[in-house]
Amino acid sequence: MRHTPEIQSPARTRARPAPTRPARTGGRALVWDSQNTSSILVARALRQRGWTVDWIGPSASPWRASEVFDGERTVLVGSHDETLERVLWQHPLDALFLHGDDQVRWLLARWAHVPERIRRHLPEAESLQIALSKDRSMQLARTLGVPVLETERCTSAAAVAEASRRLAGRGEVVLKGEGGSAGSAVRALPVGRAPGREAWKAVTGHAPVILVQRRLRGPRVMVTVAYERGVERAAVAHEKIAAFPFDFGPTAFGVTRHVEEVHDHAQRMYGALRWHGVSNIEFRQDLTDGRWYFMEINPRVNCSLGIQERAGVDVGAARAAVCEGRGAEEAPGRGYRDGVPYAWAVRGLALALRRPWSLPSWGLRCLFSENSDLSLLDAPLRRQALRHAVWLARH
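What comes next concerns the included structure. (Residues numbered from 1 in each chain as written. Predicted model: local features only at pLDDT ≥ 70, side-chain atom pairs only at ≥ 80, totals over all residues. Heavy atoms only, no water.)

## As for the nonpolar core
As a reminder, the rule being used: What makes a nonpolar core is a set of buried Ala, Val, Leu, Ile, Met, Phe, Trp, Tyr and Cys residues whose side-chain atoms join them at distances within 4.5 Å. The classification of residues rests on relative accessible area computed with a 1.4 Å probe and restricted to protein chains. Under 20% of the type maximum is buried, over 50% is exposed, and intermediate values are partly exposed.
Grouped together as the largest cluster of nonpolar side chains are 99 residues, with contacts concentrated most on Phe69, Leu88, Phe253, Ile281 and Phe294. Counting twelve residues, the second largest nonpolar core, distinct from the first, contains Leu167, Ala168, Leu175 and Leu189.

## Description of the sheet that holds strand β4 (residues 95–98)
The condition is simple: Two strands make a pair as long as DSSP finds a minimum of two bridges between them. Elements are defined by DSSP. Helices are runs of H or I of four residues or more, strands are runs of E of two residues or more, and each kind is numbered from the N terminus. Axes, fitted as lines to C-alpha atoms, cover a helix only where it is in contact. Angles between the N-to-C directions of the axes lie from 0 to 180 degrees.
Taken in spatial order, the four strands make up an open sheet running β3-β2-β1-β4, and their pairing is parallel. The two strands at the open ends of the sheet, each matched to only one other strand, are β3 (73–76) and β4. Ignoring strand direction, the axes of neighbouring strands in this sheet form an average angle of 15°. Bridging between strand β1 (residues 28–32) and β4 involves four bridges; their strand directions are parallel. In the strand pairing of β4, Ala29 is matched with Ala95.

## Considerations on the packing of aromatic side chains
Our working rule: Any Phe, Tyr or Trp ring, taking Trp's six-membered ring, that has another such ring centre within 6.5 Å forms a pair; planes under 30 degrees apart are called stacked, those over 60 apart edge-to-face, and the others tilted.
Per the stated rule, a full pass over the model turns up seven aromatic pairs. Look at Phe283 and Phe294: their rings are 6.0 Å apart centre to centre, the planes differ by 70°, and that puts the pair in the edge-to-face class. Here Phe283 is found in strand β12 (residues 277–285), whereas its partner Phe294 is found in strand β13 (residues 292–298), with eleven residues between them in sequence. Considered together, Phe283 and Phe294 belong to a single accessibility category, that of buried residues.

## Observations concerning the environment of Gly316
Positionally, Gly316 belongs in helix α11 (residues 315–323). Sequence separation of Gly316 and Ser184 is 132 residues, and the distance between their C-alpha atoms is 26 Å.

## Quick word on the pattern of salt bridges
Selection criterion: Definition used for salt bridges: Asp or Glu carboxyl oxygen within 4 Å of a side-chain nitrogen of Lys or Arg.
Enumeration according to the criterion identifies 24 salt bridges in this entry. The residue Arg49 makes a salt bridge to Glu324 at a minimum N-O spacing of 2.7 Å. With Arg49 in the loop between α1 (38–47) and β2 (52–58) and Glu324 in the loop between α11 and β14 (341–343), the pair connects residues that are 275 residues apart, well separated along the chain. Exposure remark for Arg49: the relative accessible area of 16% places this residue in the buried category. A relative accessible area of 25% means that Glu324 is categorised as partly exposed. Within this structure, Arg49, Glu324, Arg326, Glu329 and Glu330 form a network of salt bridges that share partners.

## A look at the pairing of strand β8 (residues 210–214)
With four of five residues buried, β8 is to be regarded as a mostly interior element. Bridge count for strand β5 (residues 152–154) against β8 is three bridges, and the pairing is antiparallel. Along β8, the bridge assignment pairs Cys154 with Ile210. Bridge count for strand β6 (residues 172–176) against β8 is four bridges, and the pairing is antiparallel. Each residue of the ladder has a partner; that of Val173, found in β8, is Arg214.

## A few points about the packing of helix α5 (residues 125–132) against helix α6 (residues 134–143)
Heads up, the condition is: Each angle is binned into one of four classes, with values under 35 degrees roughly parallel, values over 145 roughly antiparallel, values of 65 to 115 roughly perpendicular, and all other values oblique. Any two residues whose heavy atoms approach within 4.5 Å at even a single point are treated as in contact. Three categories are distinguished: nonpolar for Ala, Val, Leu, Ile, Met, Phe, Trp, Tyr, Cys and Pro, charged for Asp, Glu, Lys and Arg, and polar for the others, with Gly belonging to the last.
At a minimum axis distance of 5 Å, the contact between α5 and α6 shows a crossing angle of 100°. Considering their axes alone, α5 and α6 lie roughly perpendicular with respect to each other. Here α5 contributes Glu126, Gln129, Ile130 and Leu132 to the contact with α6, which in turn contributes Lys134, Arg136, Ser137 and Leu140. Grouping the amino acids of the contact of α5 with α6 by side-chain chemistry returns three nonpolar, two polar and three charged.

See below:
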């Protein structure tokens, strides 16, 4: 039986104000937005250390008007906007925060021309490529002795049906395609059934080969980290209690959970990659053998930021300390509190509207407490978040 987490609910939930600028001790950061509140959390952590925070992102982002970004703001019109390269190449940045896999791919496609002052804030290109690929990251995990599910690679719907029978006698298998994000290229399928046209299109949209694995039903744990050239500076794990979109999407409700085996697996992989920056990695437990199996890596700031700070470890601040040359001196390590609940407003509200029965018992109360990214938003941004949640629930 799961313990119901304790939630501290203020009498009246107010947006936490943007930090006032202390005596300047930091540098100048560029946050490349991907329309989730992790951009706000990163900027807050930097501002609290005296940094100037510039914003760059799409015109549709509700966060571009947030007062937490106190520097320059650059609005992009499409992924091929020439402004993007000009701003990145010329920006006097002391830190760069990426928030989307497409941003990582954009940089890799231009790697030979990326200035060294930008590269110094990133892992090596090979490490980024491995982390972006479900197949290659899985191969790395296997060579390091990290548990990986038996996997078959398929190029046709008929081959998927055959592979599913070999991998699992009953139940479901999971199809994983390359190049997706937020679960968009992952689908579940009953054993022995070929995927339909829509499912096949979703998993093969970026690559013709898909991975097929048996589906696990145990808990899912994400570890969010800040690393300095392969050395762990901060790491916080949370269990994904509910997700949106359903099953394979980002966390909507989570609770911090320290699993030493998972932390050790994560450290082994990030160490091998000589990781540099913020990232997260996912594992899932097999209830039959108790082992934690590697699922995937997200090679950038993830959209599930927030719970870490509430549990006592500010991953954004740990990354800022690395950029200031104080990474080892200020490293919080794994000193976070277990059992801290958290709700991500847009995904949590969308889930509440679409499948209210799937919320944890403490879910709604958490959404309107300090343990939610909703508490970071002022009234206009809260309205934006609500509209976005309604849109997500409908689509």
